[in-house]
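One-letter residues, chain by chain:
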Amino acid sequence: MRYFNCFLIILLCLCCEDATFKVSKTTKGIQIDGLVNEASWETVNWNPINQRWLGKEYSADDFSGRYKLLWDENFLYVLAEITDDKLIDTHPDGLVKYWDDDCLEIFIDSDNSKGIHQYTHNAFAYHIALDDKVTDIGTDSIPRYYDHIISKRITKGNLSVWEAAIELYDDSYLDDQENTPLKLSANKKIGFAIAYCDNDASGERENFIGSTVVEGEDKNRGWIDAGVFEEIVLVGK
Ligand SMILES: [Ca+2]
Ligand SMILES: [Ca+2]
Ligand SMILES: [Ca+2]
Ligand SMILES: [Ca+2]
């Protein structure tokens, strides 16, 4: 019986280890052109964007999404493949109601500290608009543009491919100051989530679909609470 219990514990440990989201390192640069020409992208698996955080049930034609991650010393790379039956950008000012236009949202808690980040830089909630502008809320509670992400979207029919390179900053980041992006290394843990705001014809977004399971009634927590992000770990030399 004792041997059987030991076996179960070892099996449990192995299962726990496998559950960690490991992000592979790319040894060759990723060209941010919206084209998936890099062999590195072929070596890593897709992950689903399938958690309905806001809105009614939707069809696969209305929205479906998946993503991949890679990293190197300077960037976390995101490849997202989004099916959306209608792209709209009804707020030309990227600092106004930007979440009610179609946009890709990337959440980063660079030290995986979790906790509230609504008006701090404990974490970032980057909204990448259809015109590539990147918006989050500053520590003054006012939305502003951030230049931490280079991205390129290519849309063919209902399918958009977004390729992005993200610089990471720690909690000491100061708006309107010179900040130095982090150098990334193996074994670093990061809080991460990705989501899509889908609006096709409404005054407000119709759906908000994320990559992580958010418990409880209010699932629109990512822009406030880094505790709902997923822990990822960088692997490779
Ligand atoms: Ca590329
Ligand atoms: Ca849609
Ligand atoms: Ca943090
Ligand atoms: Ca849409």
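Residues numbered from 1 in each chain as written. Chains lettered and ligands numbered in written order. Predicted model: local features only at pLDDT ≥ 70, side-chain atom pairs only at ≥ 80, totals over all residues. Heavy atoms only, no water.

Draft legend 1. Molecular detail of the nonpolar core. Core analysis: the largest hydrophobic core is formed by 35 residues, its most contacted members being Leu 76, Leu 104, Ile 106, Ile 108, Phe 192 and Ile 194. Elements that contribute at least two residues to this core include exactly β1 (21–24), β4 (63–71), β5 (76–84), β6 (103–109), β7 (124–129), β11 (159–166), β12 (189–198) and β14 (230–235). The contact partners of Ile 194, leaving out residues within four places of it in the chain, are Ile 49, Tyr 67, Val 78, Ala 80, Leu 104, Glu 105, Ile 106, Phe 107, Ile 209, Gly 210 and Ser 211. One finds Phe 107, Ala 195, Cys 197 and Val 228 within the second-largest nonpolar core, a separate group that totals 13 residues. (Core = buried A, V, L, I, M, F, W, Y, C linked by side-chain atoms within 4.5 Å. Buried < 20%, exposed > 50% of the residue type's maximum accessible area, 1.4 Å probe, protein only. Helix = DSSP H or I, 4+ residues; strand = E, 2+ residues; numbered from the N terminus. Contact = heavy atoms within 4.5 Å.)

Draft legend 2. Main features of the pairing of β14. Sheet topology note: the β1/β14 ladder contains four bridges and is parallel. Looking at the pairing, Phe 21 lines up with Ile 232 of β14. Bridge count between β12 and β14: four bridges; the pairing is antiparallel. Across the sheet, the residue bridging to Gly 191 is Glu 231, located in β14. (Pairing = 2+ DSSP bridges.)

Draft legend 3. Layout of unusual backbone geometry. The phi angle at Asn 112 is positive, at roughly 55 degrees, despite the residue not being glycine. Positive phi, close to 70 degrees, is recorded for Ser 141, a residue that is not glycine. Counting through the fold element by element, Ser 141 comes out in the loop between β8 (134–137) and β9 (143–145).

Draft legend 4. The arrangement of the packing of aromatic side chains in detail. Enumeration over the complete set of coordinates arrives at 14 aromatic pairs. For the pair Phe 21 and Tyr 67, a centre-to-centre distance of 6.3 Å together with 25 degrees between the ring planes defines the contact as stacked. Of the two residues, Phe 21 is situated in strand β1 and Tyr 67 in strand β4; the sequence distance between them amounts to 46 residues. Of the two residues, Phe 21 and Tyr 67, both sit in the buried class. Note on Tyr 146 and Tyr 173: the rings are 6.2 Å apart at their centroids and 55 degrees apart in plane angle, and the pair reads as tilted. (Phe/Tyr/Trp six-rings, centres within 6.5 Å; stacked < 30°, edge-to-face > 60°.)

Draft legend 5. Fine view of the environment of Thr 20. Locating Thr 20 in the fold gives a position in the loop between α1 (2–19) and β1. Distance from Thr 20 to Glu 231, taken between C-alpha atoms, is 7.4 Å for residues 211 residues apart in sequence.

Draft legend 6. Representation of the coordination of the calcium ion (ligand 4). Each protein donor to the calcium ion (ligand 4) is listed here as Asp 84 (OD), Asp 84 (OD), Lys 86 (O), Asp 102 (OD), Asp 102 (OD), Asp 198 (OD), Asn 199 (O) and Asp 200 (OD); together their distances run 2.3 to 2.8 Å. Distance-wise, the calcium ion (ligand 2) is placed 3.8 Å from the calcium ion (ligand 4), both being coordinated by Asp 84. (Donors = N, O, S within 2.8 Å, 3.2 Å for Na, K, Ca; no water.)

Draft legend 7. Region of the structure containing the sheet that holds β11. Strands sit in the order β2-β4-β5-β11-β10 across an open sheet of five strands; the sheet is antiparallel. Of all the strands in the sheet, just β2 (47–49) and β10 (149–156) have a single pairing partner and so form its edges. Averaged over all pairs of adjacent strands, the angle between strand axes in this sheet comes to 20 degrees, irrespective of strand direction. (Axes fitted to C-alpha atoms, helices over the stretch in contact; angles between N-to-C directions.)

Draft legend 8. The arrangement of the environment of Asp 102 in detail. Relative to the helices and strands, Asp 102 resides in the loop between β5 and β6. For Asp 102, a relative accessible area of 1% corresponds to the buried category. Separated by 15 residues in sequence, Asp 102 and Leu 87 have C-alpha atoms that sit 6.2 Å apart. Dropping the residues within four chain positions of it, Asp 102 is found in contact with Asp 84, Lys 86, Leu 87, Ile 88, Leu 130, Tyr 196, Cys 197, Asp 198 and Asn 199. Looking at Asp 102, its side chain comes within polar contact range of the main-chain nitrogen of Ile 88, at 2.7 Å. Here Asn 199 takes part through its backbone nitrogen, which lies 2.8 Å from a polar atom of the side chain of Asp 102. (Polar contact = N/O pair within 3.5 Å; in protein donor to acceptor, adjacent residues only side chain to side chain.)

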